[in-house]
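# Reading the structure
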Amino acid sequence: MTDRSACDFVIIGGGTAGCTLAGRLSENPSWHVTLLEAGGPGGTFMHNLPAAGYRMMGKPETDWMYMTEPDASLNGRRTMWTAGKMLGGGSAINGMVYIRGSQADYDEWDKEFGCSGWGWNDVDPYFKKSENYYGPPSDSHGKNGPLSVGPPRELHPLANAFVDSCKAFGLREVPDYCAGDIDGAFLNLATQIRGQRCGSNRAFLSPAVRKRSNLRIITEAFVERIVIEEGRAVGVVYRHDDQIVRIDARSEVILSAGSVHSPAILMRSGVGPAQHLAEMNVPVALDAPQVGKNVHEHASYAYSRFTTVPTYNVMTRPHQIAMNGLRYILRGSGMMTMIPVQAMAYLRSRPDLAQPDIKLQFGAMCINIETRQPHERAGFSIFINAAKPKNRGEIRLRSPNAADLPVIDYQMLGNADDLAIIISGLRQVEKLVEGGALGKYIDGPNEPNKVGLTDAEWETTLRARTNLGFHVVGSCRMGGDEQSVVDPRLRVRGIDRLRVIDASIMPKMPAANTNAPTYMIAEKGADMIKEDHR
Ligand SMILES: Cc1cc2nc3c(=O)[nH]c(=O)nc-3n(C[C@H](O)[C@H](O)[C@H](O)COP(=O)(O)OP(=O)(O)OC[C@H]3O[C@@H](n4cnc5c(N)ncnc54)[C@H](O)[C@@H]3O)c2cc1C
């Protein structure tokens with residue numbers, strides 16, 4: 001085993017959280033920080049091109065391509081859980097939608113889960129801290145952070161038509177959905193800079209930050225385990241250039257490998273359910289039964305209608321690509337800058353609910369569900385989720401061999417309430433799309449290919465067609481209770497000098513997409529480390 005000289009902080013995983021932490025912790029020139037990322041450096045022209053995001057999916061160089069176990073709730077189908085594998089992680093491959101969730105989501109973390117210090121008023125400043133907002137004046141955004149956020153430069157007319165139809169259906173248009181209130185319909189903000197993707201690598205590891213002599217970034221460094229001695233994390237073992245390398249951490253090890261790999265690395269290091277570790281022949285450092293549990297994800301069904309106006313999936317003729325390519329290069333505008341989901345709305349499955357429980361995401365494109373390719377006809381899609389899924393699954397080790405990807409045991413439609421919420425959403429969406437501006441453009445059903453399905457038919461359709469929503473959280477949950485994996489200062493309970501800081505610590509998903517919440521967690525985590533090592 002090769003030895004690398006020690007540093008103060010070792011960060012495992014250079015995704016949304018990891019790059020944020022590397023940027024923030026290396027602000028202190030007396031701290032030596034090392035960031036280890038399993039994937040490549042990313043950041044090329046193609047990586048920054050918004051319309052090319054899908055090209056990084058399903059490729060082993062840029063996507064972990066995790067496969068679930070056969071899912072009984074989806075007729076035994078296995079689904080691929082795409083996850084960014086390069087500097088930037090999820091933020092380098094995602095749909096660039098910027099959304100935080102509602103005040104109630106974080107107040108619930110604080111009050112119901114004992115995560116003191118994580119209520120809305122506590123987290124709001126950290127959302128703002130990360131932002132360099134360029135939209136119309138708003139008190140709910142920050143302007144001094146490195147993450148560029150604002151209205152996308154490209155907006156399909158159908159996105160506005162969707163919001164109009166939501167209003168005709170009785171929803172309100174939310175004036176500022178980043179102020180803690182998402183109850184209604186709105187156009188999305190994007191994490192973009194001058195029409196290009198702004199991921200965590202670009203935002204937090206700018207050329208000036210990379211020049212810092214106290215920051216070392218090592219890509220193609222696959223972390224196998226954390227070295228734990230006498231109840232303390234003292235270093236990390238990783239594979240790099242076919243060599244096994246150990247690096248010691250004088251102050252802390254910070255695990256930011258995302259919701260699938262963070263619990264797996266903990267387990268390979270001996271921190272996890274003792275019985276499972278024994279089955280895997282991993283020596284137990286700490287029996288932590290909750291590691292890998294509480295996994296949840298948005299089950300997502302794409303409802304789709306054909307339209308009489310062109311949508312992105314048909315705007316692919318060579319002259320359109322050439323013209324839009326030129327617009328992108330010269331002006332940073334046009335179709336190449338588009339984000340796939342341009343508007344959102346929230347509905348209720350029961351009118352008496354205090355908070356909406358159905359999430360809708362509108363995209364001016366559609367696919368052919370049989371071929372999984374862009375449809376040859378124009379159409380839109382509305383992705384429907386139970387906003388805060390109740391279903392829970394787990395991550396386990398497949399073997400003690402680090403090269404074997406972890407087991408994902410998740411039943412996407414395994415919870416009857418989630419299923420009922422989605423069906424309620426679909427029933428409402430069928431009416432919603434017929435009214436207002438959107439209804440004027442509809443040219444027949446795409447998916448499902450008929451209208452007026454019964455509940456039983458909807459259930460059959462959903463079990464056959466539902467996919468993931470790309471928002472995996474919860475596998476190293478934070479809590480005030482002794483069973484939780486990390487405490488509200490993100491320290492692993494029972495192990496010194498070890499924190500988990502990424503999407504895996506969310507005790508419960510906010511009713512939103514999860515990238516902005518992960519930036520917030522990393523910003524807050526970085527401040528906690530700074531306070532604790534003052
Ligand atoms: C296709 C897709 C679309 C999405 N769209 C949106 C969206 O539009 N809006 C939104 O809000 N959210 C979106 N999300 C979700 C959002 O991007 C994630 O919630 C967020 O990136 C999670 O951040 P993280 O830091 O927890 O993990 P990640 O960003 O996944 O970072 C984990 C990092 O750790 C690295 N790593 C893993 N294992 C190891 C190891 N053993 N050794 C070293 N490094 C390792 C990974 O390569 C990765 O870089 C999307 C996600 C995907 C995949």
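Details of the structure are given in the entry above.
Remember, predicted model here, so these are calculated numbers, not experimental data.

### Digging into the overall build of the chain
For the chain, the count of helices and strands is 14 helices and 28 strands. What you see for the chain is a C-alpha radius of gyration of 22 Å, in line with the 24 Å of a compact globule of 534 residues. By its C-alpha atoms, the chain is 65 × 50 × 45 Å across when sized along the principal axes. Taken across its 534 residues, the chain has 60% of its residues classed as buried. Here the contacts in the chain between residues at least 6 apart in sequence split such that 70% fall between residues at least 24 apart. For the chain, the distance from the average site of its 59 positive side-chain charges to the average site of its 59 negative ones is 5 Å.

### Considering the state of the cysteines
All told, the structure shown has zero disulfides when counted by the stated rule. C178 carries a free sulfur, and the closest cysteine sulfur to it, the one in C198, is 15 Å from it. Free of any disulfide, C476 has its nearest neighbouring cysteine sulfur in C115, separated by 14 Å.

### Overview of the environment of S304
As for its placement among the helices and strands, S304 is situated in strand β18 (residues 299–307). Classification of S304 as buried rests on a relative accessible area of 2%. In the structure, S304 is positioned 153 residues away from P151 in sequence and 25 Å away in space, judged by C-alpha atoms. Not counting chain neighbours up to four residues away, the residues in contact with S304 comprise C366, F380, S381, P445, N446 and E447. At a separation of 2.9 Å, a polar atom in the side chain of S304 contacts the side chain of N446.

### Concerning a nonpolar patch on the surface
On the surface, F45, M46, L326, I329 and L330 cluster together to form a nonpolar patch covering roughly 550 Å² of accessible area. Secondary-structure elements contributing two or more residues to the nonpolar patch are α2 (45–48) and α10 (318–331). At three residues, α10 tops the list of elements feeding residues into the nonpolar patch. Within the fold, I329 resides in helix α10.

### Some words on the site of the ligand
By nearness alone, 37 residues border the ligand, and T16, E37, G90, T514 and N515 come closest of all. Here T16 contributes a side-chain N or O atom positioned 2.8 Å from an oxygen atom of the ligand. Contact distances for the ligand include 2.9 Å between an oxygen atom and a backbone N or O atom of A17. Protein contacts shield 94% of the accessible area of the ligand, which totals 1,000 Å² for the unbound molecule.

### Things to note about the environment of N28
Take N28: it is sitting in the loop between α1 (16–25) and β2 (33–36). The exposure class of N28 is partly exposed, given its relative accessible area of 25%. C-alpha of N28 to C-alpha of K530: the two residues are 502 residues apart in sequence and 8.8 Å apart in space.

### Considering α1
Across the ten residues of α1, ten count as buried, placing the element largely inside the fold. Buried residues of α1: T16, A17, G18, C19, T20, L21, A22, G23, R24 and L25, and no others.

### A few points about the packing of helix α4 (residues 120–130) against helix α14 (residues 515–532)
The interhelical angle for the contact between α4 and α14, taken along N-to-C directions, is 100°, at an axis separation of 8 Å. Relative to α14, the element α4 lies roughly perpendicular. Taken together, the residues of α14 that come into contact with α4 (itself represented by D122, V123, Y126, F127, K129 and S130) are A516, P517, Y519, M520, E523, K524 and D527. Tallied by class, the residues present in the contact of α4 with α14 amount to seven nonpolar, one polar and five charged.

### Thoughts on the packing of aromatic side chains
Throughout the structure, instances matching the rule amount to 16 aromatic pairs. Both rings, one in F45 and one in Y328, keep their centres 5.9 Å apart while their planes meet at 75°; by these two values the pair is edge-to-face. Here the residue F45 occupies a position in helix α2, and Y328 occupies one in helix α10, the gap between them amounting to 283 residues. Taken together, a centroid distance of 5.8 Å and an interplanar angle of 0° make the contact between W64 and Y66 stacked. In this structure W64 comes out as buried when scored by relative accessible area, which is 16%. Aromatic rings pair up to connect Y106, W109, W118, W120 and F127 into one cluster. Stacked on the ring of F306, the Lys or Arg R377 has its end atom at 3.9 Å from the ring centre. K524 extends its terminal NZ or CZ atom over the ring of W118, reaching a point 5.0 Å from the ring centre.

### A short note on the pattern of salt bridges
Close approach of charged atoms allows side chains with opposite charge to pair. Overall, the coordinates contain 37 salt bridges when judged by the stated rule. What emerges from the salt-bridge pattern is a single network uniting E252, R489, R499, E531 and D532.

### Comments concerning the packing of helix α5 (residues 157–169) against helix α11 (residues 416–432)
Helices that pack against each other are described as a pair by the angle of their axes relative to one another and the distance between those axes. Put simply, α5 and α11 touch, their axes get as near as 9 Å, and they point 105° apart. When the axes of α5 and α11 are compared, the pair comes out roughly perpendicular. Two secondary-structure elements touch here, α5 through F162, S165, C166 and F169 and α11 through Q428, K431 and L432. Among the residues forming the contact of α5 with α11, the class breakdown is four nonpolar, two polar and one charged.

Conventions adopted
Residues numbered from 1 in each chain as written. Predicted model: local features only at pLDDT ≥ 70, side-chain atom pairs only at ≥ 80, totals over all residues. Heavy atoms only, no water. Helix = DSSP H or I, 4+ residues; strand = E, 2+ residues; numbered from the N terminus. Rg over C-alpha atoms; globule rule 2.2 N^0.38 Å. Buried < 20%, exposed > 50% of the residue type's maximum accessible area, 1.4 Å probe, protein only. Contact = heavy atoms within 4.5 Å. Lys, Arg positive; Asp, Glu negative; His and termini not counted. Charge placed at Lys NZ, Arg CZ, Asp CG, Glu CD. Disulfide = S-S within 2.5 Å. Polar contact = N/O pair within 3.5 Å; in protein donor to acceptor, adjacent residues only side chain to side chain. Patch = residues over 30% accessible without salt bridge, like charges linked within 9 Å, V, L, I, M, F, W, Y side chains within 5 Å. Areas by Shrake-Rupley, 256 points an atom, 1.4 Å probe, with all protein chains shown as cover. Salt bridge = Lys/Arg side-chain N within 4 Å of Asp/Glu carboxyl O. Near = heavy atom within 4 Å. Axes fitted to C-alpha atoms, helices over the stretch in contact; angles between N-to-C directions. Parallel < 35°, antiparallel > 145°, perpendicular 65-115°, else oblique. Nonpolar A, V, L, I, M, F, W, Y, C, P; charged D, E, K, R; others polar. Phe/Tyr/Trp six-rings, centres within 6.5 Å; stacked < 30°, edge-to-face > 60°. Lys NZ or Arg CZ within 6 Å of the ring centre and 35° of its normal.

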